[in-house]
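Inside the fold
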Amino acid sequence: MRSLAGQVFLLQLAVVVLVVAAGLVALVVQARRDSMADAQNRTLTAARTFASSPGILTALDSPDPTAMLQASAQQVRKAAGVDAIIVYRPDGITLTHSDPSQIGKHVIGPYAEAAEGKSFTRTFQGSLGLSVVSAVPVKAPDGSVAAVVAVPVTVGNIQNRVNRQLPVLFGVAVGSLALAGAGSALVSRRLRRQTHGLGPAEMTRMYEHHDAVLHAVREGVLIIGGDGRLLLANDEARRLLSLPADAEHRHADELGLEGDLAELLTSERPATDEVHLAGDRLLAVNKRFTAPLGPASRVVTLRDTTELQALAGRAETAREQLRLLYDAGMRIGTTLDVTRTTEELAEVVVPRFADIATVELQDPVLRGEEPSGASTEMRRTTVVGLEGDHPLHPAGELIRFVRSHPMGAGAGAAGGRAVLVRDLNASEGWRAQDPGRARQVLDLGIHSLIVVPLRARGVVLGTAHYWRADGSPPFEEEDLSFAEELAARAAVCIDNARRYTREHTMAVTLQRSLLPRRVPEQTALEVAHRYLPARAGVGGDWFDVIPLSGARVALVVGDVVGHGLHAAATMGRLRTAVHNFSVLDMPPEELLGRLDELVAQLDSDEDPAAGNGQGISGATCLYAVYDPVSGQLAVATAGHPGPAVVQPGGTVDFPSLPISPPLGLGAGLPTESAELTVAEGSRLVLYTDGLIEDREHDLDVGLAALRDALAGPDRTPEATCAAVIEAMMSDRPRDDIALLVARTRRLDPGRVAEWDVPRDPAALAPVRTACVRRLEEWGLGHIGFSAELVLSELITNAIRYGSDPVRVRLLHDRALICEVSDGSSTSPRLRRATLTDEGGRGLFLVAQFAERWGTRYTRTGKIIWAELSLHGGAGPSVEGLGDALVDLWDDTA
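Below or above, wherever it landed, is the structure these notes cover.

**So, the sheet that holds strand β27 (residues 752-757)**
Spatially, five strands are ordered β27-β28-β29-β31-β30 in an open sheet, and the strand pairing comes out antiparallel. In this open sheet, the two strands that pair with only one neighbour each are β27 and β30 (852-857). Ignoring strand direction, the axes of neighbouring strands in this sheet form an average angle of 15°. Pairing analysis gives six bridges linking β27 to strand β28 (residues 806-812), with the strands arranged antiparallel. Within β28, the residue paired with Val 757 across the bridge is Val 806. This element, helix α21 (residues 764-777), spans β27, β28 and β29 (816-822) of the sheet and lies at about 175° to β27. Strands in contact with helix α22 (residues 784-801) are β27, β28, β29 and β31 (862-868); relative to β29, the strand with the most contacts, it is inclined by about 10°.

This is the structure we're talking about:
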């Protein structure tokens, strides 16, 4: 109903309803009026007729007028179609009535006028109800009123006659309404088809827009009828075709158009972007037919390609540059390598923007350092677009640009602005850089240049040169903005790579300073190692070889999850902690327990509010102690993969170890260790999870591959490392890898001497003599005095302050190791004795003569040990012993 056709239908229907309703009301009112007039005429006629009927006067003069007049009055009433014929005397007494009960009563009504001899017709409320009554006097021969005849008709009877006509009237009205509605519907349907169901506002807007668009559009529009006559032409079409003012309704052949264009307008074929000549214009013509959507007409659009050609060329250039910028964003900066980033920049612009591209950077940028400012001395890093020998400066060469060069101090490039050299042959400043090389460049066909600085954060990092050679048009001013935009994006990537290079160098330097630079000298193990960083940079994997007392050696492998400075620094903290704890000669499980507490404490000390605190999360460690005397290997692990043991025959075992959580997550739980007996010549392989997890993320697959790489004939630790890395490592591992391979050795039993010592001071001399004799057998008589003195002090302390059993052991290794064990867990400590102390100077003498000394605890007590140099240069000479002893009592010392 919002459409124009619907609104017209409603309007027509409303008009018809109003007309039919008005006619119906008029007919009803007229019928009622006619009925009342008819009733008045009939009652008056009946009254006059009865009043002038023969014999009425005779009946009135008779003794019983009612008997003579009642019957004739009823007959006249029925014949006249009235309700009653009432005859009453002038005094108002009723003589005849349709209701016999009213006869003889006084008549009710305004009959006085009739009694005076006047006839009338009125409507009044009588005994029969509201009625139309006519009264006519009956006059005697002498002119007096002998009686009055009143004839009433009730209004209800009149209405009944009208109501009987109403169905006919309503039927006629309904029929008229239906006929009119059907006609309106047909008209509306036809109108809806012609207006396509549009509303008045839409049609008004459509025609307004039609006129506005048709004459404002920058494209010619023609509508040609089926007979070839021009029906409509907008202003642009008139301008493009130079049409006359009366062109409409003229045939297309009469418009003065070119022959092929006129033929196209009248032909029955469509056209899409056909180019036709119209005067001095080239028009792109499109032609379509309106049928079956409309009448058989042709719609022709005309577009002036002469004016659009330049715009299209510029638009295509802009689209290509936008596409090139998008590609540059995707291809530049894929790595964090400075040189590779410059190569990506050059590869993007060649050959789509330039034929040749070169990039130069300041030397500090290549080293990852911050450039101090603009400089005309740069190192060429990339040349793309030339192969073999060429006249341009090669990559790697340092170039010092002269002042007149576009990159020189006097040009805009040094100050951060791009410089266009449209014609190199005419550029004296560029030629002045190197006249001979410039001539070779021109001979190669290179003729145009753009020099654009690579600027990031307000600092010029380098410059990019874009060259064009024969076959390419010279650069234009419009190319400068694109070159600067491209250089700005590339400069950000280069600066990111520079900063990564700096941070990576710092991290690598830190990590190398924290990792072992060399394996300490010891005889228990033959050790080889490998460390391979991940592709993400430095990480937190580390290894260590720590000599312990009693010729034992500790092997450590750890892993801190993550990469970068934080992981490297965390690794250094944990490695230092392991070194400090190992000095205390703790068992492996106790050392890892202490390390777990330390990590938890370090995590709790981090301040989350500072915003940069990072906890030590995901740190694991394996700590193993090998004893070359017994061949025992004590191993404890905190969330770290266990070691692999390669037997001398080539069999590979992965010993089952107690499972403990990673460091910092132990929550006070004790760490357990395992003890293994390792055959001499076995290889202990310790590694981080990066070695096995990098293979399809499946530990079982990784362990199986490691087993295959280790199995086979006996190899040196160095050869074992090479074989494992070759078999296990991918080209670019996702995680860093630490690998430690140690081949076990046993200390010759002939280099070990042990004695049980009774807790009796008298037993000191025989044991001391036996020790000196064994030293003579080992060829160490030159250190016998020092060893005898140290052993005397250690054994005396064990007898006096310790408990059974007391044992003495000598180990002939890289040093002479003297060990005295007892069952007490009380450890002596070094202190300066006062003048009044009788003892307390024995350990001072031990410290003077031994290279190292200390205490380690065992399950049954403790061991006090001291290492003496085999060359006898550790302690004071015999002559200087007296002075050293005197100094102990000298309170001024």
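There is more to say, and it comes next.
**Regarding the pairing of strand β20 (residues 619-627)**
Of all the nine residues making up β20, nine are buried; the element is thus mostly covered by neighbouring parts of the structure. Burial along β20 is two-sided: Ala 619, Cys 621, Tyr 623, Val 625 and Asp 627 facing one way and Thr 620, Leu 622, Ala 624 and Tyr 626 facing the other are all buried. In this sheet, β20 lies alongside strand β19 (residues 553-560) in antiparallel orientation, the contact comprising eight bridges. Bridge pairing in β20 links Val 556 to Tyr 623. Pairing analysis gives seven bridges linking β20 to strand β21 (residues 632-638), with the strands arranged antiparallel. Within β21, the position partnered with Tyr 623 by the bridge is Ala 636. If you look at the hairpin formed by β20 and β21, you'll find four residues sitting between the two strands, and Gly 631 has a positive phi there, around 75°.

**With respect to the pattern of salt bridges**
One pass over the structure, following the stated rule, counts 44 salt bridges. Close ionic contact of Arg 437 with Asp 434 constitutes a salt bridge, the shortest N to O distance being 3.3 Å. On the basis of relative accessible area, Asp 434 is assigned to the partly exposed category, the value being 28%. Residue Arg 774 pairs with Glu 777 through a salt bridge whose shortest N-O separation is 3.1 Å. In this pair, Arg 774 and Glu 777 both sit in helix α21, three residues apart, roughly one turn of the helix. Glu 777 sits in the exposed class, given a relative accessible area of 55%. Among the ionic contacts, a cluster of salt bridges with common partners joins Glu 370, Arg 457, Asp 495, Arg 498 and Arg 499.

**Quick look at a nonpolar patch on the surface**
On the surface, Leu 11, Val 15 and Val 19 cluster together into a nonpolar patch covering about 290 Å² of accessible area. Looking at the secondary structure, you find Val 15 in helix α1 (residues 4-51).

**Notes on the packing of helix α11 (residues 338-349) against helix α15 (residues 478-514)**
Running from N to C, α11 and α15 cross one another at 165°; their axes reach a closest spacing of 8 Å. With respect to α15, the element α11 is oriented roughly antiparallel. Like other packed secondary-structure pairs, α11 and α15 cross with a definite hand, here right-handed. Across the interface between the two elements, Val 338, Thr 341, Thr 342, Leu 345 and Val 349 of α11 pack against Leu 486, Ala 490, Cys 493, Ile 494, Ala 497, Arg 498 and Thr 501 of α15. Class assignment of the residues belonging to the contact of α11 with α15 gives a composition of eight nonpolar, three polar and one charged.

**Notes on the packing of aromatic side chains**
If you walk through the whole model with that rule in mind, you get five aromatic pairs. Seen in terms of ring centroids, Trp 430 and Trp 467 are 6.3 Å apart; in terms of plane orientation they differ by 65°. Their pairing is edge-to-face. Here Trp 467 lies in strand β16 (residues 459-469) and Trp 430 lies in helix α13 (residues 428-433), a separation of 37 residues in the sequence. As far as the burial class goes, Trp 430 and Trp 467 line up, both buried. Both rings, one in Phe 785 and one in Phe 849, keep their centres 6.4 Å apart while their planes meet at 70°; by these two values the pair is edge-to-face. Linking Phe 785 in helix α22 with Phe 849 in helix α23 (residues 842-849), this pair joins segments that are 64 residues apart in sequence.

Definitions and cut-offs
- Residues numbered from 1 in each chain as written.
- Predicted model: local features only at pLDDT ≥ 70, side-chain atom pairs only at ≥ 80, totals over all residues.
- Heavy atoms only, no water.
- Pairing = 2+ DSSP bridges.
- Helix = DSSP H or I, 4+ residues; strand = E, 2+ residues; numbered from the N terminus.
- Axes fitted to C-alpha atoms, helices over the stretch in contact; angles between N-to-C directions.
- Contact = heavy atoms within 4.5 Å.
- Buried < 20%, exposed > 50% of the residue type's maximum accessible area, 1.4 Å probe, protein only.
- Salt bridge = Lys/Arg side-chain N within 4 Å of Asp/Glu carboxyl O.
- Patch = residues over 30% accessible without salt bridge, like charges linked within 9 Å, V, L, I, M, F, W, Y side chains within 5 Å.
- Areas by Shrake-Rupley, 256 points an atom, 1.4 Å probe, with all protein chains shown as cover.
- Parallel < 35°, antiparallel > 145°, perpendicular 65-115°, else oblique.
- Left-handed = near helix turned anticlockwise from the far one by under 90°.
- Nonpolar A, V, L, I, M, F, W, Y, C, P; charged D, E, K, R; others polar.
- Phe/Tyr/Trp six-rings, centres within 6.5 Å; stacked < 30°, edge-to-face > 60°.

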